[in-house]
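# Structural overview for review
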Amino acid sequence: MVGSAVQVPYASYLRVYEPLAAFPEPERTHWYRYAAAGRGRGAQDELRQSLAGLVPVPPIVVPVHESREAFVAEVGGVTHVCPWRTRLRGWMALEQLEGQLPAPVLDAMVPPVVRRQAAADHEAWREANPDARPWIRSATWHVPVRWFILVGDDEREYEPAGAGESKQPLMRYRTPMVQARRRVARGLRVLKEALDESPLVDGLVDVGRWLEEFHPRSLVELDYGGLVHVIGPEALAADHSAADAAEGLAALREGDSEAAGTAYERLTDRWRAVRELQFAN
């Protein structure tokens, strides 16, 4: 049984919260009642449910039914909802896993028969839901550099352990969708002019296309998630990664490649140190 003390895996999240008006009926009514009842969940609730599915043999890597849970945010008197869509994200994560692990390791973790059934279920589901997309993206052991381009340093929220209602440390950014899209567009113009082709450009294009799928009055949230438990309070307090990303883009815009390189190196060195923690014992 997975206990309430579980705080892993160490993942960060990029979430979109849409206003209730963005959802069709009867889903809109479901989320309205869900939010009114105060049933909005925390990130650790989703992790515990997902980890519990790995306990049976064979493991349940993708839920049989789609989740009816969500994160809820009240901003400016407007209720915004970010559905978990755990089943869809489970299929997507399984596809990515197959390219990240050696076959013997993958077979030991998730038997081939389980993967084949999951793939068949996903294919059948996609035929019935061709326009479906997740409201949440995640990354393990780091925050992708491209995510910081969506947010500003003035939107940074840091609460050390014991300071917030949950008593857990918190590091996140929240920004209006229109602002996130504007930053993506500006960032792409600068990067394409300065770098031509780059994984950073490709990744930012992908994020931009994803954001276009949502209501223009949505909120975009970058959440450090479980990473706050390994980075430490001093490093979190000093972490201004969004400011570093903005500084690098501003320098590129002015043609100062040296200053841009300094800002980018500061940003990548910080997150390289975090990623290396996954290999520590």
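Residues numbered from 1 in each chain as written. Predicted model: local features only at pLDDT ≥ 70, side-chain atom pairs only at ≥ 80, totals over all residues. Heavy atoms only, no water.

## With respect to the overall build of the chain
Formally: Secondary structure elements follow DSSP: runs of H or I no shorter than four residues count as helices, runs of E no shorter than two count as strands, and numbering proceeds from the N terminus. Think of it in three bands: with a 1.4 Å probe and only protein chains considered, a residue is buried below 20% of the maximum accessible area for its type, exposed above 50%, and partly exposed in between. Contacts are residue-level and defined by heavy atoms, with any inter-residue pair within 4.5 Å sufficient. Accessible surface area values rest on a Shrake-Rupley calculation with a 1.4 Å probe, where residue burial reflects the displayed protein chains alone.
Across its full length, the chain carries twelve helices and seven strands. Here the chain, with 281 residues, has 43% of them falling under the buried criterion. Taking the intrachain contacts of the chain between residues at least 6 apart in sequence as the baseline, contacts between residues at least 24 apart amount to 76%. Accessible surface, the chain: about 15200 Å² in total, of which carbon and sulfur atoms supply 52%.

## Considerations on the environment of W31
Here W31 shows up in helix α1 (residues 27-36). Distance in space between the C-alpha atoms of W31 and C82 is 9.7 Å, their sequence separation being 51 residues. Sequence-distant contacts of W31, that is, excluding residues within four places in its chain, are made with L20, F23, R68, E69, A70, V81, P83 and R85.

## Some details on the pairing of strand β7 (residues 219-223)
We apply this condition: A pair of strands is treated as paired once DSSP finds two or more bridges between them.
A large share of β7 lies buried, amounting to five of its five residues. Both strand β1 (residues 11-19) and β7 contribute to a ladder of five bridges, which runs antiparallel. What sits directly across from R15, in β7, is E221. Summarising the sheet, strand β6 (residues 170-176) and β7 pair through five bridges and their orientation is antiparallel. Paired with P176 across the two strands is L219, which belongs to β7.

## Considering the pairing of strand β3 (residues 78-83)
Where burial is concerned, most of β3 is hidden: five out of the six residues are buried. Both strand β2 (residues 70-75) and β3 contribute to a ladder of six bridges, which runs antiparallel. For F71, the partnering residue across the bridge sits in β3 and is C82. Taking the residues between adjacent antiparallel strands as the criterion, β2 and β3 are bridged by two residues, where G76 takes a positive phi near 60°.

## Focus: the packing of aromatic side chains
The condition that has to hold: Geometry of aromatic contacts follows a simple scheme: Phe, Tyr and Trp rings, the Trp one being its six-membered ring, pair when their centres are within 6.5 Å, and the pair is stacked under 30 degrees between planes, edge-to-face over 60, tilted otherwise.
Considering all chains together, one arrives at ten aromatic pairs under this definition. Taking the centre distance of 5.3 Å and the plane angle of 85° together, the rings of W31 and Y34 count as edge-to-face. Of this pair, W31 and Y34 both sit in helix α1, three residues apart, roughly one helical turn. Judged on exposure class, the residue W31 and its partner Y34 are both buried. Three or more aromatic residues link up through ring pairs in this structure, and these residues are F23, W135, W210 and F214.

## Let's talk about helix α7 (residues 177-195)
Going by this rule: How far a helix is expected to stretch is found by multiplying one less than its residue total by 1.5 Å.
Over its 19 residues, α7 runs 26 Å from end to end, which matches the ideal 27 Å to within 8%, given 1.5 Å per residue. Taken as a whole, α7 has its buried residues at M177, A180, R181, R183, V184, G187, L188, V190 and L191. Against β1, β6, α8 (199-211), β7 and α11 (241-253) lie the buried residues of α7. After α7 finishes, the residue D196 shows a positive phi value of roughly 60°.

## Things to note about the packing of α7 against α8
Heads up, the rule is: Structural elements are reduced to axes, namely lines fitted to C-alpha atoms, with helices fitted over the stretch in contact, and the angle between N-to-C directions of any two is expressed from 0 to 180 degrees. Any angle that is under 35 degrees is reported as roughly parallel, and any over 145 degrees as roughly antiparallel; angles of 65 to 115 degrees are reported as roughly perpendicular and all others as oblique. By definition, turning the near helix anticlockwise from the far helix through less than a right angle yields a left-handed crossing, and turning it clockwise yields a right-handed one.
Across the interface, α7 lies against α8 with an axial gap of 10 Å and an inter-helix angle of 155°. Relative to α8, the element α7 is oriented roughly antiparallel. When you trace α7 past α8, the crossing you get is left-handed. Residues M177, A180, R181, V184, G187, L188, L191 and K192 of α7 touch α8, and the partners they reach there are L200, V201, L204, V205, G208 and L211.

## Notes on the environment of S67
For S67, the location among the structural elements is in the loop between α2 (43-52) and β2. Measuring from C-alpha to C-alpha, the distance between S67 and R85 comes to 5.7 Å, with 18 residues separating the pair along the chain. Those residues in contact with S67, other than ones at most four positions away along the chain, are W84 and T86.

## Regarding the pattern of salt bridges
Condition: A carboxyl oxygen of Asp or Glu within 4 Å of a side-chain nitrogen of Lys or Arg is what we treat as a salt bridge.
In total, this model carries 15 salt bridges according to the counting rule given. Between E157 and R172 there is a salt bridge, and its shortest N-O distance comes to 3.1 Å. Taken together, the positions of E157 in strand β5 (residues 156-159) and R172 in strand β6 put the pair 15 residues apart, joining distant regions of the chain. Using a relative accessible area of 28% as the deciding quantity, one classes E157 as partly exposed. For R172, the salt bridge is made with E221, and the minimal N-O distance between the two is 3.8 Å.

## Looking at the confidence of the model for the chain
For clarity, the cut-off: Confidence scores labelled pLDDT are given residue by residue by the predictor and lie between 0 and 100.
Averaged over every residue, the pLDDT of the chain is 83; residues scoring 70 or more account for 80%. Mean pLDDT values for the elements of the chain range from 52 in α2 up to 98 in β7. Overall, residues 1-7 carries pLDDT values under 50, and its contacts beyond four positions in sequence, including any with other chains, amount to 14 contacts. A low-confidence stretch, residues 51-57 (pLDDT under 50), is modelled with ten contacts involving residues beyond four sequence positions or located in other chains.

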